Amino acid sequence: MAEAYIVGAVRTPVGKKKGGLSTVHPTDLAAHTLKALIDRTGVDPAAVEDVIMGCVMQFGPQSLDIARNAWLSAGLPETTPGVTIDRQCGSSQQSIHFAAQGVMSGTQDLVVAAGVESMSIVPMGSPVSAALEKGLPFPFGETWVERYGKQEISQFRGAELMCEKWGLERAELERFALESHQRAAKAIANGYFKEQIAPINGVEDDEGPRADTTLEKMGSLKTLKEGGQITAATSSQISDGSGAVLIASEQAVRDHNLTPRARITQLTVVGDDPVYMLTAPIPATQKALGKAGLSIDDIDVVEINEAFAPVPLAWIKELGADPAKVNPNGGAIALGHPLGATGSILMTKLLNELERTGGRYGLQTMCEGGGQANVTIIERL
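Each residue is numbered by its place in its chain's sequence as written, counting from 1. Since the coordinates come from a predicted model, pLDDT governs what is reported: local features require at least 70, and pairs of side-chain atoms require 80 or more to be given and counted, while whole-chain, interface and lining totals use all residues. Side-chain calculation: all heavy atoms of the structure are included, whereas hydrogens and water are not.

**A few points about the overall build of the protein chain**
Selection criterion: Here a helix means four or more residues in a row that DSSP labels H or I, a strand means two or more in a row labelled E, and each is numbered from the N terminus. Note that the radius of gyration is over C-alpha atoms, with the globule rule given as 2.2 Å times the number of residues to the power 0.38. Relative accessible area decides the class of each residue, using a 1.4 Å probe on protein chains only: under 20% of the type maximum gives buried, over 50% gives exposed, and in between gives partly exposed. The contact criterion used is simple: two residues touch if any of their non-hydrogen atoms lie within 4.5 Å. In short, Shrake-Rupley with a 1.4 Å probe defines the accessible areas, and a residue's cover is counted only from the protein chains shown.
Counting secondary structure elements, the protein chain contains 13 helices and 10 strands. Expected size for 381 residues packed as a compact globule is a radius of gyration near 21 Å; at 20 Å, the protein chain falls within 12% of this value. Its C-alpha atoms give the protein chain principal-axis dimensions of about 60 × 50 × 45 Å. Considering the protein chain as a whole, with its 381 residues, one finds that 57% of them fall into the buried category. Taking the intrachain contacts of the protein chain between residues at least 6 apart in sequence as the baseline, contacts between residues at least 24 apart amount to 81%. A total accessible area of about 15,200 Å² is found for the protein chain, and carbon and sulfur atoms account for 49% of it.

Set out below in structure tokens:
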């Protein structure tokens with residue numbers, strides 16, 4: 001099978017709710033990152049064969065195939081098509097998988113994998129809310145109810161169910177959340193993210209981290225569910241952002257004088273219990289490591305999306321991973337989670353952290369709506 005290489009990766013800073021990116025049209029947000037990717041890699045944009053972009057809330061300003069619209073908005077060639085995909089929170093990680101698979105199959109040589117989400121402009125749940133207002137049915141039909149019954153299906157319930165299953169209590173979640181903020185604040189202060197970010201709208205750094213937060217402040221918040229463990233402090237932040245990764249074949253590397261930064265070594269996606277919803281990173285990682293012939297100890301850096309604190313905590317317990325290697329520069333609790341963009345943003349962070357530290361293998365995973373998870377393993381070159 002042909003090899004697929006990452007030759008470029010860039011992201012915007014992640015803007016917080018009502019922050020510096022909240023007024024930027026999502027098409028312009030994505031266009032900015034696409035243009036930065038082309039500029040930084042120096043590749044001829046006419047040679048790009050497709051743009052695959054993740055976006056979860058494909059509604060209003062994020063509808064009508066935002067991948068295509070963003071590429072054109074960036075002033076790039078009309079000859080390159082674009083497609084927008086939805087695998088919930090893993091959408092742009094899946095865009096990386098599709099791009100790499102196109103290259104590995106030998107049918108494509110140069111593909112952009114990207115993601116975008118403006119949660120400020122297109123709030124989470126907008127398509128469902130709009131449909132219900134028009135009297136259209138909820139996404140789960142009668143046959144779904146026949147299989148799973150009439151019960152709450154939500155990420156919030158899933159997070160609470162994980163706490164119950166793995167015996168995770170609020171204090172442990174808050175200690176994890178505090179460390180996420182501390183790691184992120186340190187990374188920003190040390191300039192770890194500078195080279196990977198393309199500033200936009202006057203914003204140069206991620207806006208989410210709170211360097212001054214404390215366990216006492218977290219402890220003063222109400223739980224999202226009465227008697228539950230989860231609070232806003234132990235959940236990912238509502239955010240705006242975009243990211244883009246350029247995937248190339250060996251032929252494209254030679255033809256365009258590109259420098260491979262990493263080899264994509266494993267692409268895995270699995271489904272798990274849709275009621276628990278957030279647990280799939282565990283079996284997905286186990287499967288990916290097995291197929292790659294690696295152990296968790298072989299992995300130097302892990303990026304697992306902090307949708308809620310129990311997701312990485314349960315994953316660490318089940319995999320026996322070294323917590324120091326997991327989200328070493330903080331995660332979505334501190335840095336934010338712009339839904340469809342997070343997969344490409346995490347890959348950009350993962351690649352740059354491997355390069356900064358000299359690590360060899362990096363692993364990325366995230367929980368996704370419907371009880372799914374992607375895992376991507378890369379080898380730094």
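So, next bit.
**Quick notes on a nonpolar patch on the surface**
The criterion, for reference: Here, patches come from residues exposed beyond 30% relative accessible area and free of salt bridges, joined within 9 Å for like charges and within 5 Å for nonpolar side chains (Val, Leu, Ile, Met, Phe, Trp, Tyr). A side-chain nitrogen of Lys or Arg and a carboxyl oxygen of Asp or Glu constitute a salt bridge if their distance falls within 4 Å.
A cluster of nonpolar side chains, namely Met 124, Phe 156 and Leu 224, defines an oily patch on the protein surface of about 280 Å² accessible area. Relative to the elements of secondary structure, Phe 156 occurs in helix H6 (residues 155–166). Phe 156 gets classed as partly exposed once you look at its relative accessible area, which sits at 39%.

**Some remarks on helix H1 (residues 26–41)**
The following threshold applies: Here, expected helix span is obtained from the residue count minus one, scaled by 1.5 Å.
Over its 16 residues, H1 runs 23 Å from end to end, which matches the ideal 22 Å to within 8%, given 1.5 Å per residue. Those residues of H1 that sit buried are Pro 26, Thr 27, Leu 29, Ala 30, Ala 31, Thr 33, Leu 34, Ala 36, Leu 37, Ile 38 and Thr 41. Tucked into the core, H1 has its buried residues touching strand S1 (5–11), strand S3 (50–54), helix H2 (66–73), strand S5 (110–118) and strand S6 (239–248). Backbone geometry just downstream of H1 places Gly 42 in the positive-phi region, at approximately 75°.

**Examining the side chain of Thr 268**
Applicable threshold: Two N or O atoms count as a polar contact when they lie within 3.5 Å, although within protein this holds only if one can serve as hydrogen donor and the other as acceptor, and sequence-adjacent residues are included solely when both atoms are side-chain atoms.
Structurally, the position occupied by Thr 268 is in strand S7 (residues 262–271). Of note is the side chain of Thr 268, whose polar atom sits 3.0 Å from the side chain of Gln 266. Look past the residues within four positions of Thr 268 in its chain and what remains in contact with it is His 97, Ala 284, Lys 287, Ala 288, Ala 373, Asn 374 and Val 375.

Just distances and angles here, no functional claims.
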